[in-house]
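Examining the three-dimensional arrangement
Okay, here's what each chain looks like letter by letter:
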Amino acid sequence: MELIALSLGLPARRFSSFFEDPTRSVRLNHYPPCPGPHLALGVGRHKDPGALTILAQDDVGGLEVKRKSDGEWVRIKPTPGAYIINVGDILQVWSNDVYESVEHRVTVNSEKERFSIPFFFSPPHYTMVRPLDELTNEQNPVKYRAYNLGKFLATRRQSNFKKLDVENIQISHFKVQELANELDGALSINKK
Ligand SMILES: O=C(O)CCC(=O)C(=O)O
Ligand SMILES: [Fe+2]
């Protein structure tokens, strides 16, 4: 987190106060071999809602990230002894979109079982997540409305990991522009 703060032009310890009472969790994922890998996903597409995810995985592979330029799913090759560090939604909001939370999913295969262990690192649930003051100004206005992390996670938990292409709660729902568009839509409906 200190390196990320420095990369944003902030003091190294800018994020420290958010992590005095952090929310940490570990998930133990087991993906058994699947007889119809083209018909199923191990984990449906999603963005991790926390600040950072540190993922340990075995050598089987299956994790894919969505490439922004063309929307293609790109496989992430496992590197022995290395962790995958994933930027989550909170960093996207704190940085006002300088960092982006990557959309990812997990495919399965018919031969080998796979294990992965993501560690999720976030501030406490009572945190109001909003773009940092130092990273916004008149030229670079705030892009997100503040949201309560605990409420966001509780809402997300009701729908995440359904293997369907469902839309669940996303930080984009807190985007100021999106809200403005909705308001615009509502006003023009009223005018009719
Ligand atoms: O198994 C993986 O590689 C990733 C799992 C994942 O995205 C998650 O648990 O949030
Ligand atoms: Fe994930």
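Before any of the text, the structure's been laid out above.
Keep in mind that what you see is a predicted model, and the values were worked out from it rather than measured.

What counts as what
- Residues numbered from 1 in each chain as written.
- Chains lettered and ligands numbered in written order.
- Predicted model: local features only at pLDDT ≥ 70, side-chain atom pairs only at ≥ 80, totals over all residues.
- Heavy atoms only, no water.
- Helix = DSSP H or I, 4+ residues; strand = E, 2+ residues; numbered from the N terminus.
- Buried < 20%, exposed > 50% of the residue type's maximum accessible area, 1.4 Å probe, protein only.
- Contact = heavy atoms within 4.5 Å.
- Areas by Shrake-Rupley, 256 points an atom, 1.4 Å probe, with all protein chains shown as cover.
- Lys, Arg positive; Asp, Glu negative; His and termini not counted.
- Charge placed at Lys NZ, Arg CZ, Asp CG, Glu CD.
- Patch = residues over 30% accessible without salt bridge, like charges linked within 9 Å, V, L, I, M, F, W, Y side chains within 5 Å.
- Salt bridge = Lys/Arg side-chain N within 4 Å of Asp/Glu carboxyl O.
- Polar contact = N/O pair within 3.5 Å; in protein donor to acceptor, adjacent residues only side chain to side chain.
- Pairing = 2+ DSSP bridges.
- Arc of directions from axis to C-beta.

Helix and strand counts for the protein come out as four helices and 11 strands. Dimensions of the protein, computed from the C-alpha atoms along their principal axes, are close to 55 × 50 × 30 Å. With 192 residues in all, the protein has 39% of them scored as buried. Expressed as a percentage of contacts within the protein between residues at least 6 apart in sequence, the contacts between residues at least 24 apart total 76%. By element, 56% of the accessible surface of the protein is carried by carbon and sulfur atoms, the whole surface being about 11600 Å². Each charge class in the protein can be summarised by its mean position, and for the 25 positive and 23 negative side chains these summaries are 3 Å apart.

With that out of the way, let us pick up a nonpolar patch on the surface. Nonpolar side chains collect at one region of the surface, where Val26, Leu28 and Ile117 lie side by side and expose about 300 Å² of accessible area between them. Mapping Ile117 onto the fold places it in strand S9 (residues 114-122). By relative accessible area, Ile117 is classed as partly exposed at 39%.

In the Ramachandran plot, Asn96 falls in the positive-phi region, its phi being about 55° despite a non-glycine side chain. Structurally, Asn96 is set in the loop between helix H2 (89-94) and strand S8 (104-107). Relative accessible area serves as the criterion here: at 2%, Asn96 is assigned to the buried category. Unlike most non-glycine residues, Asp97 shows phi in positive territory, near 85°. Among the secondary structure elements, Asp97 is positioned in the loop between H2 and S8. Since its relative accessible area comes to 17%, Asp97 is described here as buried.

Bringing the side chain of Asp97 into the picture now. Here the side chain of Asp97 touches Tyr144 through a polar contact of 2.5 Å, side chain to side chain. Apart from residues lying up to four places away in sequence, Asp97 is in contact with Gln92, Lys143, Tyr144 and Lys175.

The sheet contact formed by strand S3 (residues 41-46) and S8 spans three bridges and is antiparallel. Within the sheet, the bridge partner assigned to Val43 lies in S8 and is Val106. As judged from the three bridges shared by strand S5 (residues 63-66) and S8, these two strands associate in the antiparallel manner. By the bridge assignment, Leu63 is partnered in S8 with Val106.

Our focus in this paragraph is helix H3 (residues 149-157). Looking at H3, one finds that the buried residues are Leu149, Gly150, Phe152, Leu153 and Arg156. One side of H3 carries all its buried residues, which in axial view fall inside an arc of 160°. Where the residues of H3 are buried, they touch H2, S9, strand S10 (128-129) and strand S11 (147-148).

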